Amino acid sequence: MIAKQKLPWLLFWLIIIGLSLYFYVMTFYSYSIGEIPANFKYSFWESKIWFIGHIAGASASLLLGPMQFWKGFRNKYLSYHRLAGKIFIIGSLIAAVCAFRLNLMYECKPCRYSLGILSVIWLFTTAAAWWAVKNKNIKTHRQMMVRSYTAALAFVFIRVFSLLGYQNVFPFLDSTLEQRTTAEWLCWVLPFIAIEFYMTWWPSLAIKISILKK
């Protein structure tokens, strides 16, 4: 029997895993029928190697992420957690670097600013997670891993938006370019605001409130 306080988290993870699976099925289907962006079809070293690296690295992040944040599983299988964590970090670093390179040839030029910043944040938070655990700073390590995973999920959200159709989500915006650029920003800015509120803003506010009540 699942405790009532755990139901929201169960629902949250079911949604995240469901979106990730939808992303994989629809993305690989679209790629199988040749719907790869034209500017990612250049020579192997110019674009394909970066495209493959991004997909492979991001897969490590998305597939291993949910298990890494499951406290009961993590504590019971610590050796697996450490191995999976190394794969997660290596995959995320590769995916972030490749995403930045691909961003420079992205056909949606206004979107490059958003995706470029997201790629840098993904790279930094992943490297920071590694640095923190090497220095035995477990709290910072966990928070940075959450941020790294959120950056990986942002690419899923962006892809889901494109599959749903930008015009269906933002019918009040005049052009497809405006709709797409807005989606590119919202898909990572809003999730990061949410996790920062949960991990830092709310705990800090709760501590201050408790002090004021004394």
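Residues numbered from 1 in each chain as written. Predicted model: local features only at pLDDT ≥ 70, side-chain atom pairs only at ≥ 80, totals over all residues. Heavy atoms only, no water.

What follows covers the packing of aromatic side chains. Scanning all chains against the criterion turns up 12 aromatic pairs. Ring plane angle 35° and centroid distance 6.0 Å describe the contact between W13 and Y149, whose orientation is recorded as tilted. Remark: Y149 occurs in helix 6 (residues 138-164) and W13 occurs in helix 1 (residues 7-32); sequence separation between them is 136 residues. Taken individually, W13 and Y149 each receive the classification buried, so the pair is uniform in this respect. With 6.2 Å between their ring centres and 80° between their planes, W188 and F192 make a pair best called edge-to-face. You can see W188 and its partner F192 sitting in helix 8 (residues 176-213), four residues apart, about one turn around the helix. Judged by its relative accessible area of 9%, F192 is buried. (Phe/Tyr/Trp six-rings, centres within 6.5 Å; stacked < 30°, edge-to-face > 60°. Helix = DSSP H or I, 4+ residues; strand = E, 2+ residues; numbered from the N terminus. Buried < 20%, exposed > 50% of the residue type's maximum accessible area, 1.4 Å probe, protein only.)

Let us now look at unusual backbone geometry. Trans is the common state for peptide bonds, and a negative phi is the common state for residues other than glycine. One non-glycine residue, K136, lies in the positive phi region at around 65°. Mapped onto the elements of the fold, K136 is located in the loop between helix 5 (111-134) and helix 6.

Examined against the element boundaries, E46 turns out to sit in helix 2 (residues 44-68). Residue classification places E46 among the partly exposed positions, given a relative accessible area of 39%. Here the alpha-carbon distance between E46 and R101, two residues 55 residues apart in the chain, equals 9.5 Å.

A few words on helix 5. For helix 5, which comprises 24 residues, the first-to-last C-alpha distance of 35 Å matches the rise-based estimate of 34 Å (1.5 Å per residue) to within 8%. Among the residues making up helix 5, those that are buried are C111, S114, L115, G116, L118, S119, W122, T125, T126, A128, A129 and A132. (Expected span 1.5 Å × (residues − 1).)

Next up on the list: the layout of surface pockets. Empty space among the atoms can be located by rolling a probe the size of a water molecule over them. Here the largest pocket defines a volume of roughly 2000 Å³. As for the largest pocket, its lining consists of 45 residues, and the residues nearest its centre are Q68, F69, W70, R74 and V146. Sorting the residues of the lining of the largest pocket by element identifies helix 1, helix 2, helix 3 (71-76), helix 4 (78-103), helix 5, helix 6 and helix 8 as the ones contributing at least two each. Sort the elements by how many residues they give to the lining of the largest pocket and helix 6 lands first, with 11 residues. Across the lining of the largest pocket, the residue classes tally to 28 nonpolar, eight polar and nine charged. (1 Å grid on protein atoms, 1.4 Å probe; cavity = no way out; pocket = protein on both sides within 12 Å on 5 of 7 lines; lining within 4 Å. Points joined across faces, edges and corners; volume = space filled by probe spheres on them. Nonpolar A, V, L, I, M, F, W, Y, C, P; charged D, E, K, R; others polar.)

Here we take up the pattern of salt bridges. A full pass over the atoms with the stated rule returns three salt bridges. R180 is the partner of E107 in a salt bridge, and the nearest nitrogen-oxygen pair spans 3.0 Å. One end of the pair, E107, is in the loop between helix 4 and helix 5; the other, R180, is in helix 8, with 73 residues separating them in the sequence. For R180, a relative accessible area of 18% corresponds to the buried category. Across the pair E184 and R180 runs a salt bridge, and its minimum N-O distance is 3.9 Å. You can see E184 and its partner R180 sitting in helix 8, four residues apart, about one turn around the helix. (Salt bridge = Lys/Arg side-chain N within 4 Å of Asp/Glu carboxyl O.)

Looking now at the nonpolar core. Judged by nonpolar contacts, the single largest core of 42 residues is most densely connected at L62, L118, W122 and Y149. Those elements that provide at least two residues to this core are helix 1, helix 2, helix 4, helix 5, helix 6 and helix 8. Ranked by residues supplied to this core, first place goes to helix 6 with 13 residues. Here L62 is in contact with S20, F23, Y24, Y149, A152, L153 and V156, once residues within four sequence places are set aside. (Core = buried A, V, L, I, M, F, W, Y, C linked by side-chain atoms within 4.5 Å. Contact = heavy atoms within 4.5 Å.)

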